[in-house]
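Summary of structural features
Chain by chain, the residues:
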Amino acid sequence: QAVHIINVPLDLGASRRGTDAGPSAFRVAGLSAALQRLGYTVSQETDIPVPAMETRKTDNASARFKDEILTVCQELASTTLQVMDAGEIPLVIGGDHSIAMGTVSGLSAHFAKAQKRLGLIWFDAHGDMNLPESSPSGNIHGMPLSHLIGMGDPDLSNILGAHPAVDVKNVVLIGIRDIDRIEREIINKSGVTAFTMREIDEIGMARVARRALEIVNDGTAGFHVSFDLDGCDPEVIPGTGTTVPGGVSYREAHLLLEECAAHGGMTSMEVVELNPFLDHRNVSAERAVTLIQSAFGRSIL
Ligand code: ARG
Ligand code: MN
Ligand code: MN
Ligand code: MN
């Protein structure tokens, strides 16, 4: 099987600089070789061009750098669509989480051609379901999931004409623990399923993973994993911009991804919000590479 790595060095969706260096940190941590050791061919890497913040100005206070992010997401969506059409597995490396609007829209456009749907696992400390009107920050990385379920800004929620890109009944959030005031109502009304840290504490990641897999595979042709590294505990992943204590442990994160691999229906993955400037000697990238290996079928024995 061929994995196609798509690098998206975007940091326009967050207020803290540095996620633009994510793809470089993953290269230094040996991502491509780690996949090859599992038997995959890494067919090709594609770099999506992204403008630097210093070269742009934004006057859109409720959705900062919307035009630039929309352009990046459109380009990314056409790329994930092409990669899926070619029968390769897209592995998208961010970049901040805004890129998910592009990744998932392209995947959905691929399945829509065959009247099929995509399920979505959203691993995150945050809900990422703000709307431009509700966002306390105006940062688009706090809004991608609401747009993927068809809400919010019509341009951002219609990339490649996939609207909504995913059906709420096939969307699960896992690991959330920091939700804004209005965002909470949006999540509760939306119809997506949320497994907060409380559910993980109560019933354990094994059961959360099993229930999540049932939901994302109910009537779909497969599922995508959108993995925000800040869903993990900051002690596991210090190299990310919006850390929240009390997160998913290293082993729980592996277990979730091992279950995704064992299921067999994972079509694609993206890993976002790595900020190498906040990291210690690239440990977060190295751990993220082992997490990706679990998602791609690595087992201990
Ligand atoms: N909820 C906050 C906001 O809307 C933080 C979002 C953080 N998102 C992320 N992808 N790390 O600004
Ligand atoms: Mn996120
Ligand atoms: Mn997050
Ligand atoms: Mn917050």
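Okay, so let's go over this structure. Note that the structure is predicted; figures quoted are calculated from it, not measured. (Residues numbered from 1 in each chain as written. Chains lettered and ligands numbered in written order. Predicted model: local features only at pLDDT ≥ 70, side-chain atom pairs only at ≥ 80, totals over all residues. Heavy atoms only, no water.)

1. Quick notes on the overall build of the protein chain
We count it as follows: Put simply, DSSP marks the helices as runs of H or I at least four residues long and the strands as runs of E at least two long, and each gets a number from the N terminus on. Each radius of gyration reported is based on C-alpha atoms, and the globular scaling rule is 2.2 Å times the count of residues to the power 0.38. Buried means the residue's accessible area, taken with a 1.4 Å probe over protein chains only, is under 20% of the maximum for its type, while exposed means over 50%, and partly exposed covers the values in between. In this analysis, two residues are considered to be in contact whenever any of their non-hydrogen atoms come within 4.5 Å of each other. Note on areas: Shrake-Rupley with a 1.4 Å probe; residue coverage comes only from the protein chains shown. Charged residues are defined narrowly, with Lys and Arg counted positive, Asp and Glu counted negative, and His plus the chain ends left uncounted. Taken as the charge centre is NZ of Lys, CZ of Arg, CG of Asp or CD of Glu, depending on the residue.
A count of helices and strands for the protein chain gives 9 helices and 8 strands. Taken over the C-alpha trace, the protein chain has a radius of gyration of 17 Å; the compact-globule value for 301 residues is 19 Å, and the two agree within 12%. Projecting the C-alpha coordinates of the protein chain onto the three principal axes gives extents of approximately 55 × 40 × 40 Å. By the burial criterion, 58% of the 301 residues in the protein chain qualify as buried. Contacts in the protein chain between residues far apart in sequence, at least 24 positions, make up 76% of those at least 6 positions apart. Approximately 11900 Å² of the protein chain is accessible, and the part contributed by carbon and sulfur atoms is 48%. Averaging the positions of the 24 positive and the 38 negative side-chain charges in the protein chain gives two centres separated by 3 Å.

2. Focus: the side chain of Ser146
By the element assignment, Ser146 lies in helix α5 (residues 144-148). Setting aside residues no more than four positions away along its own chain, Ser146 makes contact with Asp128, Met129, Asn130, Leu131 and Met151.

3. Overview of the nonpolar core
For the record, the criterion: By nonpolar core is meant a set of buried Ala, Val, Leu, Ile, Met, Phe, Trp, Tyr and Cys residues that side-chain atoms within 4.5 Å join together.
Ranked by size, the top nonpolar core spans 50 residues in total, and within it Phe26, Leu91, Ile174, Phe227, Met269, Ile292 and Phe296 carry the most contacts. Considering every element that reaches this core, the biggest residue donor is helix α7 (residues 197-216), with 9 residues. Those residues in contact with Ile292 that sit more than four places away from it in its chain are Phe26, Leu31, Leu35, Leu91, Ile93, Met269 and Val271.

4. Some remarks on the site of ligand 1
The following threshold applies: The nearness test applies per residue and asks whether one of its heavy atoms lies within 4 Å of the molecule or strand. All residues other than Ala, Val, Leu, Ile, Met, Phe, Trp, Tyr, Cys, Pro, Asp, Glu, Lys and Arg, Gly among them, are scored as polar; the first ten of these are nonpolar and the last four charged.
His97, His126, Asp128, Asn130, Ser137, His141, Gly142, Asp180, Asp228, Asp230, Thr242 and Glu273 make up every residue found near ligand 1. Protein chains bury 93% of the 340 Å² of accessible surface belonging to ligand 1 in isolation. Across the shell around ligand 1, the residue classes tally to no nonpolar, 7 polar and 5 charged.

5. Some remarks on the coordination of the manganese ion (ligand 2)
Note the threshold: Each metal site lists N, O and S donors within 2.8 Å (3.2 Å for Na, K and Ca). With water left out of the atoms, a site can look as if it is missing ligands.
Every protein donor of the manganese ion (ligand 2) is accounted for by His97 (ND1), Asp124 (OD), Asp128 (OD) and Asp228 (OD), and the metal-donor separations fall at 2.0 to 2.2 Å. We note that the donor set of the manganese ion (ligand 2) lies within a single chain, spaced as H-x26-D-x3-D-x99-D. Separating the manganese ion (ligand 2) and the manganese ion (ligand 3) is a distance of 3.2 Å, and Asp124 donates to both of them. In this pair, His97 is assigned in the loop between β3 (89-94) and α4 (100-112) and Asp228 in strand β7 (residues 223-228), connecting sequence segments 131 residues apart.

6. Digging into the sheet that holds strand β8 (residues 266-272)
Basically, it comes down to this: Paired strands are those between which DSSP finds at least two bridges. Here the axes come from fitting lines to C-alpha atoms, over the contacting stretch only for helices, and the angles between their N-to-C directions go from 0 to 180 degrees.
Spatial strand order, β2-β1-β3-β8-β7-β4-β5-β6: 8 strands in an open sheet with parallel pairing. On the outer flanks of this sheet lie β2 (41-47) and β6 (193-196), each paired with one strand and no other. For this sheet the average axis-to-axis angle between neighbouring strands, irrespective of direction, equals 15°. Pairing analysis gives 6 bridges linking strand β1 (residues 2-8) to β3, with the strands arranged parallel. Residue pairing across strands places His4 opposite Pro90, the latter belonging to β3. Across the sheet, helix α3 (residues 66-85) is in contact with β1, β2, β3 and β8; its angle to β1 comes to roughly 175°.

7. Examining the environment of Ser226
Within the element layout of this structure, Ser226 appears in strand β7. By relative accessible area, Ser226 is classed as buried at 0%.

8. Some remarks on helix α9 (residues 283-295)
So the rule is basically this: Every helix has an expected span of 1.5 Å times one less than the residues it contains.
Over its 13 residues, α9 extends 19 Å from the first C-alpha to the last, a length consistent with the 18 Å expected when each residue adds 1.5 Å. Immediately beyond the C-terminal end of α9, within one or two residues, lies Gly297, with a positive phi of roughly 100°.

9. Let's talk about the pairing of strand β4 (residues 119-123)
Burial within β4 is extensive, with 5 of its 5 residues counted as buried. Side chains Gly119, Ile121 and Phe123 of β4 all project onto a buried face; the interleaved residues Leu120 and Trp122 project onto the opposite face, where all are buried too. Here β4 runs beside β7; their pairing, made up of 5 bridges, is parallel. Across the sheet, the residue bridging to Leu120 is His224, located in β7. Of the pairings in the sheet, the one linking β4 to strand β5 (residues 171-176) comprises 4 bridges and is parallel in character. Across the sheet, residue Leu120 finds its bridge partner in β5, namely Val171.

10. Overview of the packing of helix α8 (residues 250-263) against α9
For clarity, the cut-off: These descriptions rest on fixed angle ranges, namely under 35 degrees for roughly parallel, over 145 for roughly antiparallel, 65 to 115 for roughly perpendicular, and the rest for oblique.
Relative to each other, α8 and α9 sit at 30°, their axes nearing to 7 Å. When the interaxial angle is binned, α8 and α9 end up roughly parallel. Contacts between α8 and α9 involve Tyr250, Ala253, His254, Leu257, Glu258 and Ala261 on the former and, on the latter, Arg287, Thr290, Leu291, Ser294 and Ala295. Grouping the constituent residues of the contact of α8 with α9 by class yields 6 nonpolar, 3 polar and 2 charged.

11. Looking at the environment of His254
Stated precisely, the cut-off is as follows: Between N or O atoms, a polar contact is any pair within 3.5 Å; within protein, one atom must be a potential hydrogen donor and the other a potential acceptor, and residues adjacent in sequence are included only when both atoms are from side chains.
Examined against the element boundaries, His254 turns out to sit in helix α8. Apart from residues no more than four positions distant in its own chain, His254 is found in contact with Thr290, Leu291 and Ser294. Of note is the side chain of His254, whose polar atom sits 3.4 Å from the side chain of Thr290.

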